[in-house]
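Structural description and commentary
So you can see what is in the structure, the chains are spelled out below.
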Amino acid sequence: MKKKWKDIVEEYGRLAFIVYMTIFAFTLSGFFLLLKFGFSEMLLGWFDGYVSADTITTSTGVMAYALTKITQPIRILLTISLLPIISRRRKKED
């Protein structure tokens, strides 16, 4: 996957970084809001084995970041999938 990511960054440049960071920001803020509004038990059930019950006692921001890091492979695949579509749309607009 590292090779594919390097190829994508070479091909799309700054757009790859912008799309990835946008997805990262939405993921992090989504987890933060879910935790803030009391969905920590549900989230721990989804990530059973990756996040321990001790994590509940940590701050919401740290826990949201940990959950976001767990989803990194999914975010990379989503970025790789979305980049050609976004790039084509941008070229049409120009």
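Heads up: the structure comes first, above all this text.
This report concerns the structure included in the present document. Computed from a prediction, not measured in an experiment: that's the story for all the values here. (Residues numbered from 1 in each chain as written. Predicted model: local features only at pLDDT ≥ 70, side-chain atom pairs only at ≥ 80, totals over all residues. Heavy atoms only, no water.)

Take helix H2 (residues 14-36) next. A rise of 1.5 Å per residue sets the reference length of H2, with its 23 residues, at 33 Å; its end C-alpha atoms lie 32 Å apart and thus fit the reference within 8%. Residues Leu15, Ala16, Val19, Tyr20, Ile23, Phe24, Thr27, Phe31 and Leu35 constitute the buried set of H2. Following H2 by one or two positions, Gly38 adopts a phi angle in the positive range, close to 90°. (Helix = DSSP H or I, 4+ residues; strand = E, 2+ residues; numbered from the N terminus. Expected span 1.5 Å × (residues − 1). Buried < 20%, exposed > 50% of the residue type's maximum accessible area, 1.4 Å probe, protein only.)

Okay, a nonpolar patch on the surface next. Judged by side-chain polarity, Phe32, Leu33, Phe37, Phe39 and Met42 come together as a nonpolar surface patch covering roughly 480 Å² of accessible area. Note on placement: Met42 falls in helix H3 (residues 40-46). (Patch = residues over 30% accessible without salt bridge, like charges linked within 9 Å, V, L, I, M, F, W, Y side chains within 5 Å. Areas by Shrake-Rupley, 256 points an atom, 1.4 Å probe, with all protein chains shown as cover. Salt bridge = Lys/Arg side-chain N within 4 Å of Asp/Glu carboxyl O.)

All right, on to the nonpolar core then. Of all hydrophobic cores here, the largest spans ten residues; its members are Ile8, Tyr12, Leu15, Ala16, Val19, Tyr20, Ile23, Ile76, Ile80 and Leu83. Of all elements in the fold, only helix H1 (2-12), H2 and helix H5 (72-93) reach the threshold of two or more residues within this core. Setting aside residues no more than four positions away along its own chain, Ala16 makes contact with Trp5, Ile8, Val9, Thr79 and Leu83. Grouped together as the second largest cluster of nonpolar side chains are five residues, Phe31, Leu35, Met63 and Ala64 included. (Core = buried A, V, L, I, M, F, W, Y, C linked by side-chain atoms within 4.5 Å. Contact = heavy atoms within 4.5 Å.)

This brings us to the environment of Gly61. By the element assignment, Gly61 lies in helix H4 (residues 60-70). Considering only alpha carbons, one finds Gly61 and Leu35, 26 residues apart in sequence, at a separation of 8.9 Å.

In this structure the tally under the stated criterion is one aromatic pair. Here the aromatic rings of Phe24 and Tyr65 are separated by 6.5 Å at their centres, their planes lie at 75°, and the arrangement is edge-to-face. With Phe24 in helix H2 and Tyr65 in helix H4, this residue pair connects regions lying 41 residues apart in the sequence. (Phe/Tyr/Trp six-rings, centres within 6.5 Å; stacked < 30°, edge-to-face > 60°.)

Purely geometric stuff here, so don't read any function into it on its own.
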